[in-house]
Amino acid sequence: MCLVGNSLSLSRLQHLLQWVNSISFSSVSSLQSDTQMSISSAVSILRDQHSKSRWNFLQSLFPSGFTPAEFSEITLKIRNNPHLALRFFHWTQTKSLCNHNLLSYSTIIHILARARFKSHAQTIIQVAIRVTELDQIENFDQFKSRPPKIFETLAKTYRSCDSAPFVFDLLIKACSQSNRINQSIAIVRMLRSRGIYPKISTFNFLIGSVIRSRGCDEGFDVYREVFSLNDEVKENVCRIRVCPNVQTFNLLMVSFYQKGLMENVKEIWSEMEKLNCAPNAYSYSILMAVFCEEGKMNDAQKLFVAMQGKQINPDVVAYNTLISGYCKIGEINRAEELCRDMGLSGIESTCITYEHLVNGYCKIGDVDSAILVYNDMCRKGFRPEGFVIDVLIKMLCDNSRVYEALEFCRVAMAKYNVLPSRSSYKFLIQGLCEEGKMEEALKLQAEMVGRGFEPNSEIYGAFIDGHVKLGHIELAERLRMEMLDMLSRKEEK
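Residues numbered from 1 in each chain as written. Predicted model: local features only at pLDDT ≥ 70, side-chain atom pairs only at ≥ 80, totals over all residues. Heavy atoms only, no water.

**Focus on the overall build of the protein chain**
A count of helical and extended segments in the protein chain gives 26 helices and zero strands. Within the protein chain, contacts between residues at least 6 apart in sequence are counted, and of these 62% link residues at least 24 apart. Total accessible area on the protein chain stands at roughly 26600 Å², and carbon and sulfur atoms take up 52% of it. (Helix = DSSP H or I, 4+ residues; strand = E, 2+ residues; numbered from the N terminus. Contact = heavy atoms within 4.5 Å. Areas by Shrake-Rupley, 256 points an atom, 1.4 Å probe, with all protein chains shown as cover.)

Following this line, the structure appears as structure tokens:
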């Protein structure tokens with residue numbers, strides 16, 4: 001009896017399970033059907049309704065909004081209209097109708113990347129990285145060198161979204177712009193391990209970001225890594241999947257030049273030649289600037305001629321570089337000759353051109369010619385920089401033309417809103433004191449203090465010497481004691 005009873009119970013249990021399962025499968029099937037109908041309805045409204053009415057209609061039909069999976073499906077169905085997809089995304093954000101996650105972010109990013117909506121895609125990538133990694137702030141050190149979470153989801157959804165490789169370039173640039181340099185490098189490493197290589201412009205963007213945030217040495221290390229270069233440049237260039245281009249080398253050369261590492265610039269130039277990368281006019285300008293800094297004007301001139309021999313027309317940067325070099329060594333005639341050649345070549349002089357010439361004439365003590373160049377610059381509509389005003393004031397004061405210097409300073413202030421620097425005040429005060437114009441020097445010193453420049457030992461020294469020359473020994477001694485007191489207070493601080 002017990003066995004029969006158990007058999008009946010077992011039989012009933014089996015039927016019951018079958019019935020429950022049938023209900024479950026039916027419910028799931030019904031739920032899936034309802035979801036698909038909702039998605040189809042949303043897509044129809046987005047495609048067919050007028051712009052003004054579609055959003056209100058959508059919100060009335062879907063007051064609870066959409067799940068990230070639903071948003072992704074809807075967006076994929078309208079991916080051929082990226083403007084509409086982007087508006088749909090912003091609408092769900094503004095109305096809080098979708099709690100976006102990695103999947104929904106990845107979908108809209110793929111669609112925008114596919115459509116080359118670069119800025120919109122990068123903005124959303126940055127939002128996705130920030131939002132989806134908020135929970136990792138406490139463990140930042142552990143994950144900052146790994147690709148962001150969005151990278152893996154973008155990779156998984158790449159085919160289903162019919163995306164373009166450009167999406168990973170955007171991700172690297174977005175990370176670099178957010179100063180997530182380590183994560184950018186980690187993405188490059190991961191892509192390369194899968195045989196995927198970003199565009200050369202992306203590599204250059206990354207190297208430039210590293211240089212700006214970490215310096216030229218680390219930028220050079222990243223360059224070596226991303227282009228798979230060993231300590232010695234590979235003889236067989238074909239083995240490098242993506243080759244550095246002239247912009248890459250220019251980035252590196254400029255960064256080393258700005259740090260004063262001239263030998264490194266020459267090494268980069270040699271590496272560029274070994275990799276058969278043709279330099280452009282800017283490349284030549286950088287190397288010419290190195291030779292000019294070293295006073296090797298013959299080498300700089302030879303490079304200028306070699307550039308023209310390779311049918312590369314010198315631009316204004318190349319001309320200005322060489323003009324600057326000749327002005328620094330006092331060969332102003334050569335500089336003027338280059339300036340004329342530049343004009344004959346149809347290249348307009350820039351403010352920098354005139355500034356170099358002003359410095360050049362001041363270098364040889366020809367202040368009148370320097371002022372003529374300055375006036376010509378102003379007539380051409382260029383606004384003089386403060387250091388040009390400084391050098392001209394100094395030259396006028398050195399030539400005992402202090403009142404002319406003072407008038408020159410006042411005109412620059414009134415006409416170009418160029419405020420005198422501490423150096424300009426020092427030169428003028430020293431000039432006035434040397435001529436015994438102590439009252440005028442004192443007024444100028446008061447103006448200087450009013451502009452936030454405290455008098456230093458050089459200013460005190462000028463007043464002391466001026467009063468001594470005039471026989472005001474007691475006053476000079478008081479100023480000397482005041483100066484010593486000021487210096488002792490500064491030492492205590």
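**Considering the layout of surface pockets**
Roughly 360 Å³ of volume is contained in the largest pocket. Taken together, 17 residues line the largest pocket, and the ones lying closest to its centre are Tyr257, Ser285, Ala289, Val317 and Thr321. Of all the elements, helix α15 (residues 281-293) adds the most residues to the lining of the largest pocket, at six residues. A breakdown of the residues in the lining of the largest pocket according to their chemical character gives eight nonpolar, seven polar and two charged. (1 Å grid on protein atoms, 1.4 Å probe; cavity = no way out; pocket = protein on both sides within 12 Å on 5 of 7 lines; lining within 4 Å. Points joined across faces, edges and corners; volume = space filled by probe spheres on them. Nonpolar A, V, L, I, M, F, W, Y, C, P; charged D, E, K, R; others polar.)

**Describing the pattern of salt bridges**
Overall, the coordinates contain 18 salt bridges when judged by the stated rule. Between aspartate 162 and arginine 114 there is a salt bridge, with its nearest N and O atoms 3.4 Å apart. Pair noted here: aspartate 162 is in the loop between α8 (149-156) and α9 (166-177) and arginine 114 is in helix α5 (residues 102-114), with a separation of 48 residues, a long-range link. On the basis of relative accessibility, which here comes to 41%, the residue aspartate 162 falls in the partly exposed class. In this structure, the salt-bridge partner of lysine 296 is glutamate 294, at a minimum N-O distance of 3.4 Å. Relative accessible area serves as the criterion here: at 35%, lysine 296 is assigned to the partly exposed category. (Salt bridge = Lys/Arg side-chain N within 4 Å of Asp/Glu carboxyl O. Buried < 20%, exposed > 50% of the residue type's maximum accessible area, 1.4 Å probe, protein only.)

**As for unusual backbone geometry**
Phi at aspartate 162 is positive, roughly 50°, even though this residue is not glycine. The phi torsion at asparagine 179 lies on the positive side, around 60°, for a residue other than glycine.

**Observations concerning the side chain of serine 283**
Tracing the sequence through the fold places serine 283 in helix α15. Excluding anything up to four places from it in sequence, serine 283 contacts Val246, Asn250, Met253, Trp269 and Met272.

**Side note on a nonpolar patch on the surface**
On the surface, Met481, Leu484 and Leu487 cluster together into a nonpolar patch covering about 240 Å² of accessible area. Considering the arrangement of structural elements, one finds leucine 484 in helix α26 (residues 473-492). The exposure class of leucine 484 is partly exposed, given its relative accessible area of 39%. (Patch = residues over 30% accessible without salt bridge, like charges linked within 9 Å, V, L, I, M, F, W, Y side chains within 5 Å.)

**Remarks on helix α22 (residues 402-416)**
Between its first and last C-alpha atoms α22 spans 21 Å; for 15 residues at 1.5 Å apiece the expected length is 21 Å, and the two agree. Of all the residues in α22, the buried ones are Val402, Ala405, Leu406, Phe408, Cys409, Ala412, Met413 and Tyr416. Along the axis of α22, the buried positions cluster into a sector of 160°, meaning they face one direction only. Of the exposed residues in α22, those oriented more than 90 degrees away from the buried face are Ala414 and Lys415. Residues of α22 that are buried make contact with α20 (367-379), α21 (386-398), α23 (422-434) and α24 (438-450). Just downstream of α22, asparagine 417 is the residue with a positive phi angle, here 55°. (Expected span 1.5 Å × (residues − 1). Arc of directions from axis to C-beta.)

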